[in-house]
Amino acid sequence: TPPRMEKFDPGDFSLVVFDECHHAPAKSWQRVADHYRQNPRLRVVGVTATPDRADRKTMRSAGFEHVAYEYTIAEAIADGWIVAPRQSIVEVEDLDFSGIRTTAGDLNGRELASVMEEEHALHGVAGPTVEIAGERRVLIFTASVRQAQLMVDILNRHRDGSAAMVSGKTPRTTRREIVQDFASGRLQFLCNVGCFTEGFDDPGVELIVMARPTKSRSLYCQMIGRGTRVLPGTVEGLGTPESRLSSIASSAKPYVEILDFSGNAGRHRLVTCMDILGEDMPTEVRDRAARMAATTDAPADVTELLKTAADDVEEDERQ
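Residues numbered from 1 in each chain as written. Predicted model: local features only at pLDDT ≥ 70, side-chain atom pairs only at ≥ 80, totals over all residues. Heavy atoms only, no water.

## With respect to the layout of surface pockets
Rolled over the atoms, a probe as big as a water molecule pinpoints where empty space is left.
For step 1, the next point in the chain: Taken as a whole, the largest pocket spans an internal volume of roughly 1,400 Å³.
For step 2, the next point in the chain: As for the largest pocket, its lining consists of 39 residues, of which Val47, Thr48, Ala49, Thr50 and Pro51 are closest to the centre.
For step 3, the next point in the chain: Going through the elements one at a time, strand 2 (43-47), helix 2 (73-78) and helix 7 (217-225) are the ones with two or more residues in the lining of the largest pocket.
For step 4, the next point in the chain: Of the residues belonging to the lining of the largest pocket, the class tally is 17 nonpolar, 12 polar and 10 charged. (1 Å grid on protein atoms, 1.4 Å probe; cavity = no way out; pocket = protein on both sides within 12 Å on 5 of 7 lines; lining within 4 Å. Points joined across faces, edges and corners; volume = space filled by probe spheres on them. Helix = DSSP H or I, 4+ residues; strand = E, 2+ residues; numbered from the N terminus. Nonpolar A, V, L, I, M, F, W, Y, C, P; charged D, E, K, R; others polar.)

## Regarding the packing of aromatic side chains
For step 1, the next point in the chain: The full count for this structure, using the stated rule, is six aromatic pairs.
For step 2, the next point in the chain: Geometrically, the ring pair formed by Phe8 and Phe13 is edge-to-face, given 6.2 Å between the ring centres and 70° between the ring planes.
For step 3, the next point in the chain: Looking at Phe13, the relative accessible area reads 30%, which means it is partly exposed.
For step 4, the next point in the chain: Ring geometry for Phe13 versus Tyr36: centroids 5.4 Å apart, planes at 80°, classification edge-to-face. One end of the pair, Phe13, is in the segment before strand 1 (15-19); the other, Tyr36, is in helix 1 (residues 27-36), with 23 residues separating them in the sequence.
For step 5, the next point in the chain: Three or more aromatic residues joined by ring pairs form one cluster here, namely Phe8, Phe13 and Tyr36. (Phe/Tyr/Trp six-rings, centres within 6.5 Å; stacked < 30°, edge-to-face > 60°. Buried < 20%, exposed > 50% of the residue type's maximum accessible area, 1.4 Å probe, protein only.)

## A short note on helix 3 (residues 109-116)
For step 1, the next point in the chain: Leu112, Ala113, Val115 and Met116 are the residues of helix 3 that are buried. The arc enclosing the buried residues of helix 3, seen along the axis, measures out at 160°, which places them on a common side.
For step 2, the next point in the chain: Its buried side turned inward, helix 3 meets strand 3 (84-96), strand 5 (106-107), helix 4 (119-133), helix 5 (145-158) and strand 9 (207-211).
For step 3, the next point in the chain: Looking at where helix 3 begins, the residue whose side-chain oxygen comes 3.2 Å from the main-chain nitrogen of Arg110 is Asn108. (Arc of directions from axis to C-beta. Contact = heavy atoms within 4.5 Å. Polar contact = N/O pair within 3.5 Å; in protein donor to acceptor, adjacent residues only side chain to side chain.)

## Some thoughts on a nonpolar patch on the surface
For step 1, the next point in the chain: Together, Leu15, Val17, Val45 and Val47 give the surface a local cluster of nonpolar side chains, amounting to about 310 Å² of exposed area.
For step 2, the next point in the chain: Elements represented by at least two residues in the nonpolar patch include exactly strand 1 and strand 2.
For step 3, the next point in the chain: Positionally, Leu15 belongs in strand 1. (Patch = residues over 30% accessible without salt bridge, like charges linked within 9 Å, V, L, I, M, F, W, Y side chains within 5 Å. Areas by Shrake-Rupley, 256 points an atom, 1.4 Å probe, with all protein chains shown as cover. Salt bridge = Lys/Arg side-chain N within 4 Å of Asp/Glu carboxyl O.)

## Brief notes about helix 1
For step 1, the next point in the chain: Residues of helix 1 that are buried include every one of Gln30, Ala33, His35 and Tyr36, and no others.
For step 2, the next point in the chain: Of the surrounding elements, those touching the buried residues of helix 1 are strand 1.

## Topic: the environment of Phe18
For step 1, the next point in the chain: Tracing the backbone through its elements, the reader meets Phe18 in strand 1.
For step 2, the next point in the chain: Judged by its relative accessible area of 9%, Phe18 falls in the buried class.
For step 3, the next point in the chain: When the C-alpha atoms of Phe18 and Arg146 are compared, they prove to be 33 Å apart, with 128 residues separating the residues in sequence.
For step 4, the next point in the chain: With sequence-adjacent residues up to four places away left out, Phe18 is seen in contact with Trp29, Ala33, Val44, Val45, Gly46, Val47 and Phe64.

## Thoughts on a negative patch on the surface
For step 1, the next point in the chain: A cluster of like negative charges, contributed by Glu91, Glu93, Asp94, Asp96 and Glu118, occupies part of the molecular surface.
For step 2, the next point in the chain: Inspection of the secondary structure assignment puts Glu118 in the loop between helix 3 and helix 4. (Lys, Arg positive; Asp, Glu negative; His and termini not counted. Charge placed at Lys NZ, Arg CZ, Asp CG, Glu CD.)

## Observations regarding the pairing of strand 3
For step 1, the next point in the chain: Of the strand pairs in this sheet, strand 3 and strand 10 (residues 255-264) are connected by nine bridges, and their pairing is parallel. Bridge pairing in strand 10 places Ile89 opposite Asp260.
For step 2, the next point in the chain: One ladder, built from two bridges, connects strand 3 with strand 11 (residues 300-301); its direction is antiparallel. Following the sheet pairing, Arg86 is matched in strand 11 by Asp301. (Pairing = 2+ DSSP bridges.)

## A look at the packing of helix 4 against helix 5
For step 1, the next point in the chain: Between helix 4 and helix 5, the least distance of the axes is 10 Å, while the angle of their chain directions is 45°. Relative to helix 5, the element helix 4 lies oblique. Here helix 4 and helix 5 pass one another in a crossing that is right-handed. Where helix 4 abuts helix 5, its residues Leu122, His123, Val125, Ala126, Gly127 and Val130 lie against Gln147, Leu150, Met151, Ile154, Leu155, Arg157 and His158. (Axes fitted to C-alpha atoms, helices over the stretch in contact; angles between N-to-C directions. Parallel < 35°, antiparallel > 145°, perpendicular 65-115°, else oblique. Left-handed = near helix turned anticlockwise from the far one by under 90°.)

## Considering the sheet that holds strand 6 (residues 138-142)
For step 1, the next point in the chain: As summarised here, the arrangement of the seven strands in space is 7-8-6-9-10-3-11, forming an open sheet in which the pairing is mixed. With partners counted over all chains shown, the strands left at the sheet margins are strand 7 (163-166) and strand 11, one partner each.
For step 2, the next point in the chain: Where helix 7 meets the sheet, its contacts fall on strand 3, strand 6, strand 9 and strand 10, and the angle it forms with strand 9 comes to roughly 145°.

In structure tokens, the structure reads:
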């Protein structure tokens, strides 16, 4: 038990709440839980938007034995609390993930970074990002610090002074200034290396760029979630889903666009928006919807694509 935990008597607490409890299987979290569970009357609650883990460790292994309440992203979209994602997929010929190993359920970080840092891949990602972004503010997820730095250099060549990056090594004061510049619109593109997957709240983000492909549904869900916030004043005080949906549709941010990049995935199955909103659908349906998204010029309505793909698969099976 960490020394600072010793000053807390487990008997003084009747309830412990774990936020982002998908981290709870980690040993460091379990040491905290074990300390408080010395109280036999203790109740423990965990909350998270992404209860699934790439390493397939279950919440039960962390002591959460029952799901008390579940509310999915699809339900939140249908109820008009967040904006829906629309999917764009750009094929980059020089992206080749086929030789990357799988580590803890996701693409090996070092090998993925090596692929994404290649010159042709960098320009294959940065060029479409600038073209698709227009004047919108863009949050970019990268696989490494070097990739983020190179992306910022290229983006600033396209639009001088438009991009900056944040990593775990960025000084706190500098990070705060960069985030403020991004929120105010002085920066259009903000690259980050795993810093904004959780807890980052900027409703003005309209385009999420996945320059860090992943096999992890939970990680992908966290990343796109940074763009699903509605603009302030859009749904406040509206009492029905219909009124909120109507207000979102007529707002300056009716949806968030998610930009993915495809290449030679080899044996890997990379996550797309189809896996988030179509989590209960067969893999064949989700994959077909993703292929359809890759052939459309405009950002695709994910819900409509999934429905069309499901109908097509059903018709194929009937025939």
